[in-house]
Amino acid sequence: QAHVAESGGGLVEPGGSLRLSCTASGNILSIYNMGWYRQAPGKQRELVARFIRGGITNYANSVKGRFTISRDNAKNTVYLQMNSLKPEDTAVYYCNADIRTSDRVTTINYWGQGTQVIVSS
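Residues numbered from 1 in each chain as written. Predicted model: local features only at pLDDT ≥ 70, side-chain atom pairs only at ≥ 80, totals over all residues. Heavy atoms only, no water.

### Describing the pattern of salt bridges
We apply this condition: Each reported salt bridge corresponds to a side-chain nitrogen of Lys or Arg within 4 Å of a carboxyl oxygen of Asp or Glu. Any residue under 20% of the maximum accessible area for its type is buried, any over 50% is exposed, and the rest in between are partly exposed; the area is computed with a 1.4 Å probe on protein chains only.
All chains considered together, the criterion is met by three salt bridges. Close ionic contact of glutamate 46 with arginine 38 constitutes a salt bridge, the shortest N to O distance being 2.8 Å. Residue classification places arginine 38 among the buried residues on the basis of a relative accessible area of 6%. Across the salt bridge formed by arginine 66 and aspartate 89, the nearest N and O atoms sit 2.8 Å from each other.

### Let's talk about the sheet that holds strand β3 (residues 18-26)
Filter applied, for reference: One bridge is not enough; two strands pair if DSSP finds at least two bridges between them. Every helix listed is a DSSP run of H or I at least four residues long, and every strand listed is a run of E at least two residues long, numbered separately from the N terminus. Fitting a line to C-alpha atoms yields each axis, with helices limited to the stretch in contact; the angle taken between N-to-C directions then spans 0 to 180 degrees.
The four strands lie next to each other as β1-β3-β8-β7, forming an open sheet whose pairing is antiparallel. Of all strands in the sheet, those with a lone pairing partner are β1 (2-7) and β7 (67-72), marking the two edges. Strand-to-strand twist across the sheet, computed as the mean angle between neighbouring axes with direction ignored, equals 15°. Relative to strand β8 (residues 77-82), β7 runs antiparallel, the two sharing six bridges. What sits directly across from aspartate 72, in β8, is threonine 77.

### A short note on the state of the cysteines
Quick note on the threshold: Criterion for a disulfide: a pair of cysteine sulfur atoms at a distance within 2.5 Å.
Enumeration according to the criterion identifies one disulfide in this entry. The disulfide that involves cysteine 22 links it to cysteine 95, with 2.0 Å between the sulfurs. Disulfide cysteine 22-cysteine 95: the torsion about the S-S bond is -80°, which places it as left-handed. With cysteine 22 in strand β3 and cysteine 95 in strand β9 (residues 91-101), the pair connects residues that are 73 residues apart, well separated along the chain. As far as burial versus exposure is concerned, cysteine 22 and cysteine 95 are alike and both buried.

### Description of the side chain of arginine 38
Note the threshold: Each polar contact in these results corresponds to two N or O atoms within 3.5 Å; when the atoms are within protein, one needs to be able to donate a hydrogen and the other to accept it, and residues that are neighboring in sequence are counted only if both atoms are side-chain atoms. Contacts are assigned to residue pairs that have any heavy atoms within 4.5 Å of one another.
Following the sequence through the fold, arginine 38 ends up in strand β4 (residues 28-39). In terms of polar contacts, arginine 38 uses its side chain to reach the side chain of glutamate 46, at 2.8 Å. Looking at arginine 38, its side chain comes within polar contact range of the side chain of tyrosine 93, at 2.9 Å. Once residues lying within four places of it in the same chain are set aside, the contact partners of arginine 38 are Gln44, Arg45, Glu46, Val48, Ser62, Val63, Phe67, Glu88, Asp89, Ala91, Val92 and Tyr93.

Dropping the structure here:
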């Protein structure tokens, strides 16, 4: 069994910055495809940024050049540095990871509870 938890959301003015963190915990053997999604009111959940196998990063076009995903493998943690925030970045941000634990032979997809980001003056 594993668990992922986000932190770092909040209220920020347009043009400001926030840093989100997501940590996976549990009986973890391996973590794959860990990253961030977001869901704005009335919209579908969408990819923001993620690491996939081989350390490759994927970014949504809308955040390229403004957001940076990074990770600390020793801490099972990924970060999302969000700069030059815009009102349209307002959403609940979710961490997602494919994790293999010691009690299973297959990889399971986990979602965090989400953290709210509000960009408003």
